[in-house]
Amino acid sequence: MDLPSLLFCILLEVLAIKCQEDPQERIVGGHAPVPFSINYIVSIQTTHHQHFCGGSLINKYWVITAAHCDIGIHRMMVVAGEYSLSIYEGTEQKFVPQLLVPHPKFNSLTNNNDLMLIKLKTPAYLNRYVSIALLPRHEASISEGRMCRVSGWGYTSPTIGLIPSTLRTVRIPIVSPAKCNSSQSLDGRITENMICAGFSTGGKDACQGDSGGPLVCDGRIYGLVSWGRGCADARFPGVYTAVSKYRRWIDDVIFSYYSKCDNF
Ligand code: ARG
């Protein structure tokens, strides 16, 4: 190799390392996980491949997400095995929904009961890149201060609406309903079907586009990204659907649509 090419290669190397460091904050205040280590997460996209919500596979036919992610069955598709949204990695599995089951008591004004189940037309093929997440037991509670992980392809900054290309993740503590509902914070808007999480100093949070995605504590999906006031604001924790409240409803829905031919 001649000297100019050698120098050019070195320059490329240096640039690659600098780019990997990625000083930007994503999810908000998070980082990129090891690729495909969070392999139960799915990207919910429009039929034009625009990511708009997250979700999780809970068995090979069913995805759990937020009810406010319902844009109509014919307008959405589900992508599993996804890491970078902008690169075709060969690990992606795309699905068309067969059925949307939003919670019958979802209230779009208060965001109460913000969850939805999506049945896929064809089953996911489970492998290193695509797997299933566990749900908490019915009514299992998670106490203040427990550390949980939220992940997604949502905005990386509360002010600039940036959708990152790769998945991001961040660890945040559970905030008590009393603190979250206080007049200095979300002031009575937290129902018993919601969980709050975030640091009292702010800086780390889910944001727009993370909706429906998983908040995982002790290896189970205790929360679904639901709503917030701004993102990563020290006064306002992120608000999540309390999945354990719906364990029975989820099991009932899946059971009622179970068909012997699907054999899952
Ligand atoms: N509703 C938002 C969405 O549709 C999620 C907002 C979460 N906000 C927060 N600060 N944790 O993507």
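Every value quoted in this text rests on a predicted model; they were computed, and no experiment measured them. (Residues numbered from 1 in each chain as written. Predicted model: local features only at pLDDT ≥ 70, side-chain atom pairs only at ≥ 80, totals over all residues. Heavy atoms only, no water.)

**Examining the overall build of the chain**
Summing up its helical and strand segments, the chain has 3 helices and 13 strands in all. Burial status across the chain gives 50% buried among its 264 residues. Sequence-distant contacts in the chain: of pairs separated by 6 or more residues, those separated by 24 or more amount to 71%. In the structure as shown, the chain presents an accessible area of about 13,100 Å², 56% of it carried by carbon and sulfur atoms. (Helix = DSSP H or I, 4+ residues; strand = E, 2+ residues; numbered from the N terminus. Buried < 20%, exposed > 50% of the residue type's maximum accessible area, 1.4 Å probe, protein only. Contact = heavy atoms within 4.5 Å. Areas by Shrake-Rupley, 256 points an atom, 1.4 Å probe, with all protein chains shown as cover.)

**Quick word on the packing of aromatic side chains**
For the structure on display, the rule yields 3 aromatic pairs. Where phenylalanine 36 meets tyrosine 83, the ring centres are 5.7 Å apart and the plane angle is 45°; that geometry is what we call tilted. Of this pair, phenylalanine 36 sits in the loop between helix H1 (3-21) and strand S1 (41-46) while tyrosine 83 sits in the loop between strand S4 (76-80) and strand S5 (93-95), and the two are 47 residues apart along the sequence. Judged by its relative accessible area of 18%, phenylalanine 36 falls in the buried class. For the ring pair tryptophan 62 and tyrosine 257, a centre distance of 6.1 Å and an interplane angle of 45° mean the geometry is tilted. A residue pair is termed long-range when its members are at least 10 positions apart, and tryptophan 62 in strand S3 (residues 62-65) and tyrosine 257 in the segment after helix H3 (247-256) qualify at 195 residues. Through a chain of ring-to-ring contacts, three or more aromatic side chains come together here, namely Phe36, Tyr83 and Tyr129. Arginine 229 extends its terminal NZ or CZ atom over the ring of phenylalanine 236, reaching a point 5.1 Å from the ring centre. (Phe/Tyr/Trp six-rings, centres within 6.5 Å; stacked < 30°, edge-to-face > 60°. Lys NZ or Arg CZ within 6 Å of the ring centre and 35° of its normal.)

**A word on the environment of valine 96**
Along the polypeptide, valine 96 turns up in the loop between S5 and strand S6 (97-102). In this structure valine 96 comes out as partly exposed when scored by relative accessible area, which is 46%. Distance from valine 96 to valine 78, taken between C-alpha atoms, is 6.4 Å for residues 18 residues apart in sequence.

**So, the site of the ligand**
Close contacts around the ligand come from 15 residues, with His68, Asp205, Gly209, Ser211 and Gly230 the closest. At a separation of 3.2 Å, a nitrogen atom of the ligand approaches a polar backbone atom of alanine 206. Serine 211 has a polar side-chain atom sitting 2.4 Å from an oxygen atom of the ligand. Relative to its unbound accessible area of 350 Å², the ligand is 89% covered by the protein chains. Sort the elements by how many residues they give to the shell around the ligand and strand S12 (residues 220-227) lands first, with 3 residues. (Near = heavy atom within 4 Å. Polar contact = N/O pair within 3.5 Å; in protein donor to acceptor, adjacent residues only side chain to side chain.)

**Comments concerning the pattern of salt bridges**
The tally for this structure, following the rule as stated, stands at 5 salt bridges. A salt bridge links lysine 245 to glutamate 139; its shortest N-O distance comes to 3.4 Å. Of this pair, lysine 245 sits in the loop between strand S13 (238-242) and H3 while glutamate 139 sits in the loop between strand S7 (116-120) and strand S8 (147-152), and the two are 106 residues apart along the sequence. Using a relative accessible area of 45% as the deciding quantity, one classes glutamate 139 as partly exposed. (Salt bridge = Lys/Arg side-chain N within 4 Å of Asp/Glu carboxyl O.)

**Thoughts on the sheet that holds S12**
Spatial strand order, S8-S9-S10-S13-S12-S11: 6 strands in a closed barrel with antiparallel pairing. Each adjacent strand pair in this sheet contributes to an overall mean axis angle of 45°, direction not counted. (Pairing = 2+ DSSP bridges. Axes fitted to C-alpha atoms, helices over the stretch in contact; angles between N-to-C directions.)

**A few points about the pairing of S12**
Of all 8 residues that make up S12, 7 are buried, and the element is covered over most of its length. Of the pairings in the sheet, the one linking strand S11 (residues 214-217) to S12 comprises 4 bridges and is antiparallel in character. Among the inter-strand pairings, valine 216 is bridged to a residue of S12, identified as isoleucine 221. If you look at the hairpin formed by S11 and S12, you'll find 2 residues sitting between the two strands, and aspartate 218 has a positive phi there, around 50°.

**Concerning the confidence of the model for the chain**
Model confidence for the chain is summarised by a mean pLDDT of 89, while 87% of its residues fall at 70 or above. Taken as a whole, residues 3-25 scores under 50 in pLDDT and shows 7 contacts with residues more than four places along the chain or in a different chain. (pLDDT = per-residue confidence, 0-100.)

**With respect to the sheet that holds strand S2 (residues 51-59)**
Here we have 7 strands laid out as an open sheet, ordered S5-S4-S1-S2-S3-S7-S6, and antiparallel in their pairing. A single partner strand is all that each edge strand has here, and the edge strands are S5 and S6. Strand after strand, the sheet turns through a mean of 30° between neighbouring axes, direction not considered. Relative to S4, S1 runs antiparallel, the two sharing 4 bridges. Residue glutamine 45 lies in a different strand from S4, and its bridge partner there is methionine 77.

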